[in-house]
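For reference, the chains in residue letters:
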Number of protein chains: 2
Amino acid sequence: MVTGARTVTLREVAASAGVHVATASRALNPEQAHLVSERTRTRVQTAARSLGYRTNALARSLRQGRTGSLGVIVADLANPFIANLLRGVEEEARAHAAMPLIVETREDPAALRRAVQRLLGNRVDAIVLASAHLADADYVADVSAQLPLVLALRGFDVGEDGPEPAAVEMQVMQDDHRGAKVAVEHLLRLGHRRIAQLAGAEQISSFVNRRRGFADAMATAPGARDVSSEERANESSVSEGKRLTWRLLERPEEERPTAIFAHNDLMAIGALDAIRDAGLVCPADVSVVGYNDSPLVDHLSPPLTTVRLPSREMGRSAARLALAAAAGRPIAAPRILLEPTYIERRSTGPAPA
Amino acid sequence: MVTGARTVTLREVAASAGVHVATASRALNPEQAHLVSERTRTRVQTAARSLGYRTNALARSLRQGRTGSLGVIVADLANPFIANLLRGVEEEARAHAAMPLIVETREDPAALRRAVQRLLGNRVDAIVLASAHLADADYVADVSAQLPLVLALRGFDVGEDGPEPAAVEMQVMQDDHRGAKVAVEHLLRLGHRRIAQLAGAEQISSFVNRRRGFADAMATAPGARDVSSEERANESSVSEGKRLTWRLLERPEEERPTAIFAHNDLMAIGALDAIRDAGLVCPADVSVVGYNDSPLVDHLSPPLTTVRLPSREMGRSAARLALAAAAGRPIAAPRILLEPTYIERRSTGPAPA
DNA sequence: TTGAAAGCGGTACCAG
DNA sequence: CTGGTACCGCTTTCAA
């Protein structure tokens, strides 16, 4: 076979079957095939098959005004936990014969805007946005006026007293406040009284809410001291977690935390590194909790205690909302809040005496 | 702003600027903008901006016969090592103003065919295929006759005597044979004499070639015994690695391996689990080597010795080839073979006495 | 049941 | 430098 085999058009199929293109179009479209006589239908379909015809999705979409594609914007493809979210999106999309177009932003606001423009240019039917920064609120509200947009994972609500007026109508979030609170309460129950958090970027709602959860849990325990540093992680990475933890461990012993709540698993892993490097032992000297329950964190040494986030389900729900809205179907519950699960493993233990 | 804001067309921009659509088209296209007078150009551009115009990529692609999109087919999105490959693809695509369309197959041949059909329907300019099975060779050859296709990661050459006649002209592979050979030679040098491999699926060239590398290395050491079981892993997962290793450790001691070469990191992790469950210690009792150098395997207990595969570079090269071919640019080297690097960590040690 | 023709939103060729 | 126009490939009224 030779490269450059020109692509077969509907015209050619029609000609080969001896019918008009309109008829060929009907015969090949399951929705309309019943409008065509049995005989012509099979004739057209046979011709199509033998010529290797494949509908030009661009032409069809251009004509129909919808593409059957779903834009998905994530911050970090290399985050295994994001992969699960993408899986959920993909499953749901497939069930609706839609195709996800995936774009990565790496926490760059400019990249987010480029991604959106690009997806709009490609006329996606809807967008799932899983990499929003708080400062993107106005921009995203604008976009969601132009097509159905679902926020996933990160949103714009960080208030303490209930949901604010929604800039974006549809979202699938996880209860970060609660997840953090549960985690810290567990540490308190283990007897820890000097606890620090490794906080993620201020621009990201998940981290703001986890911060609040941390603070609220600490407030319930009179004897407990928050010994966090004020510094935030510049990025969610092992090395940042290590750096921040190192700072905490340099302090005189009575100022050192006996437990660390990291805003995500990667930073928690960095914490484990720092603890080991400092000649200390986790959890005997310092306990560590992460967030996300990323793949493989159960195989670390020690296996990481963390908060599980239902990422697959989140992807599914977000895609479901997006596609329903795109199809003009009514949305029963446009704002979904999923519950986190605390997963206790061996990186947490009783406070040292 | 109200939802449903109808999308602005070039016609409206032209009208608003008081010019013909053709002129507006030129003014807005960087390649042709120089054909338009300074004045009209700015007038059109202003109009476009103020109306919020955005080129309809579908219409443009339909007319131009190319879409500026690159199909990427991978087996497993949740594999962190694949994320790096995707990053490489994305970087290169962005540099060429192209957009990757990512599809996952999960090792399902039917899914591969669906993915290809879908991408062809979307008229991608080229395809990077990173999830080929050996049995897909004919199908893939057919496809690559229709548009530029680059094999990445997995190919169809598993022969022992040099490259076979190429079914697909372009590919970016990694020297699996060499990677495996180096790993096993290291084990032999450590004094191991009973060595087993945990073999991946027969349908995947990488595994076939790693198998060959294993065999060739063993053949160089007269006293060494291959104590592998004949069974292959059904999938590349921790649980499969664990199951297969468990089988090996059930044997009487003199039939048990003192070192295990796993065809990938996930199976190696399963091996570590099984060893621990059996009450043995890695590497004192059994050494373990993986493949891929996936993120975080340096944080396992013990940190995993493995073979690093330059996945980012692989993605870049594959995308570069694909886009060059799509653009009709000459391809200097259509078949690239990247070198693996052996990464020694602490899951390997001297053979027990 | 089938054919004719318009048009989705651009681009590119040809005239002027 | 700008306008006119055909057309990319398909879907969808409207008529016959």
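Residues numbered from 1 in each chain as written. Chains lettered and ligands numbered in written order. Predicted model: local features only at pLDDT ≥ 70, side-chain atom pairs only at ≥ 80, totals over all residues. Heavy atoms only, no water.

**Student:** Can you help me understand the overall build of chain A in this one?
**Tutor:** Helix and strand content of chain A: twelve helices and twelve strands. Taken along the three principal axes of its C-alpha coordinates, chain A extends 90 × 50 × 35 Å. Counting over 353 residues, chain A shows a buried share of 53%. A separation threshold of at least 6 residues defines the contact pool for chain A, and within that pool the share at least 24 residues apart is 70%. When the accessible surface of chain A is split by element, carbon and sulfur atoms take 51% of a total near 15,100 Å². (Helix = DSSP H or I, 4+ residues; strand = E, 2+ residues; numbered from the N terminus. Buried < 20%, exposed > 50% of the residue type's maximum accessible area, 1.4 Å probe, protein only. Contact = heavy atoms within 4.5 Å. Areas by Shrake-Rupley, 256 points an atom, 1.4 Å probe, with all protein chains shown as cover.)

**Student:** I would appreciate a short explanation of the environment of Ser229 of chain A in the present structure.
**Tutor:** Residue and element names in this part refer to chain A. As for its position among the elements, Ser229 is in the loop between strand E7 (225-226) and helix H10 (238-249). Taking the C-alpha atoms as reference points, Ser229 and Ala196, 33 residues apart in sequence, are found 7.5 Å from one another. Apart from the residues within four sequence positions on either side, Ser229 is in contact with Leu248 and Arg251. From its side chain, Ser229 meets the backbone nitrogen of Glu231 in a polar contact 3.2 Å long. (Polar contact = N/O pair within 3.5 Å; in protein donor to acceptor, adjacent residues only side chain to side chain.)

**Student:** Explanation requested: the relation of the copies chain B and chain A in the structure shown.
**Tutor:** Comparison of the two chain copies shows a relationship of rotation about an axis with a shift along it. Taken as rigid bodies, chain B and chain A are interconverted by a rotation of 180 degrees and an axial shift of 0.0 Å, the fit giving an RMSD of 0.1 Å. Here the symmetry operator amounts to a two-fold rotation axis. Counting the interface residues of chain B, we find that 100% of their copies in chain A are interface residues as well, pointing to one common contact surface. (Least-squares fit on C-alpha atoms with pLDDT ≥ 70 in both.)

**Student:** Is there a simple way to explain the protein's contact with DNA strand D in this structure?
**Tutor:** DNA strand D sits among 24 residues. The nearest are Leu10, Tyr53 and Arg63 of chain A together with Thr23 and Arg26 of chain B. The sugar-phosphate share of atoms of DNA strand D within 4 Å of the protein amounts to 63%. Within the backbone of Asn56 of chain A, one N or O atom sits 3.4 Å away from a phosphate oxygen of DNA strand D. Residue Thr40 of chain B places a side-chain N or O atom 3.0 Å away from a phosphate oxygen belonging to DNA strand D. Contributing elements (two or more residues each) for the surface near DNA strand D: helix H1 (10-17), helix H2 (21-28) and helix H4 (57-64) of chain A together with helix H2 (21-28) and helix H4 (57-64) of chain B. For the surface near DNA strand D, the leading source of residues is H4 of chain A, giving four residues. (Near = heavy atom within 4 Å.)

**Student:** Looking at this structure, how should I read the pairing of strand E5 (residues 170-174) of chain A?
**Tutor:** Looking along a regular strand, one sees the side chains alternate between the two faces of the sheet. Residue and element names in this part refer to chain A. Where burial is concerned, most of E5 is hidden: five out of the five residues are buried. Burial along E5 is two-sided: the residues Met170, Val172 and Gln174 and Gln171 and Met173 are all buried. As paired elements, strand E4 (residues 149-152) and E5 share three bridges and run parallel to each other. Bridging across to E5, Leu151 finds its partner in Gln171. As paired strands, E5 and strand E11 (residues 335-338) are joined by four bridges and run parallel to one another. Note that in E11 the partner of Val172 across the bridge is Ile336. (Pairing = 2+ DSSP bridges.)

**Student:** Whenever I open this one, the nonpolar core confuses me. Can you help?
**Tutor:** Counting 88 residues, the largest nonpolar core has Leu70 of chain A together with Leu70 of chain B as its most contacted members. Aside from chain neighbours lying at most four places away, what touches Leu70 of chain B is Val89, Met99, Pro100, Leu101, Val124, Ala126, Ile127, Val128, Ala319, Ala322 and Leu323 of chain B. Val140, Leu147 and Val168 of chain A together with Leu149 of chain B belong to the second largest nonpolar core, which has 46 residues in total. (Core = buried A, V, L, I, M, F, W, Y, C linked by side-chain atoms within 4.5 Å.)

**Student:** Can you help me understand unusual backbone geometry in this one?
**Tutor:** Along the chain, Ser301 of chain A connects to Pro302 of chain A via a cis peptide bond; the corresponding omega equals -5 degrees. Position of Pro302 of chain A relative to the elements: it lies in the loop between strand E9 (287-289) and strand E10 (306-308). Here the residue pair Cys282 of chain B and Pro283 of chain B is connected by a cis peptide bond, since its omega of 5 degrees sits within 30 degrees of zero. Note that Pro283 of chain B resides in the loop between helix H11 (265-277) and strand E9 (287-289). Notably, Arg123 of chain A is not glycine yet its phi reads approximately 55 degrees, a positive angle. Here Arg123 of chain A shows up in the loop between helix H6 (109-121) and strand E3 (126-129). Located in the positive-phi region is Glu107 of chain B, a residue other than glycine, with phi close to 65 degrees. Topologically, Glu107 of chain B is positioned in the loop between strand E2 (99-104) and helix H6 (109-121).

**Student:** Could you clarify how one ought to interpret the sheet that holds E5 of chain A in this entry?
**Tutor:** The pairing of strands in a sheet happens through backbone hydrogen bonds and is either parallel or antiparallel. Residues and elements named next belong to chain A. Taken together, the six strands give an open sheet; going across it, the order is E2-E1-E3-E4-E5-E11, and neighbouring strands pair in parallel fashion. What marks the edges here is a single partner per strand, and that holds for strand E2 (99-104) and E11. Along the sheet, successive strands turn relative to each other by an average axial angle of 15 degrees, direction set aside. Pairing of strand E1 (residues 69-74) with E3 involves four bridges; the strand directions are parallel. The partner of Gly71 across the bridge, within E3, is Ile127. (Axes fitted to C-alpha atoms, helices over the stretch in contact; angles between N-to-C directions.)

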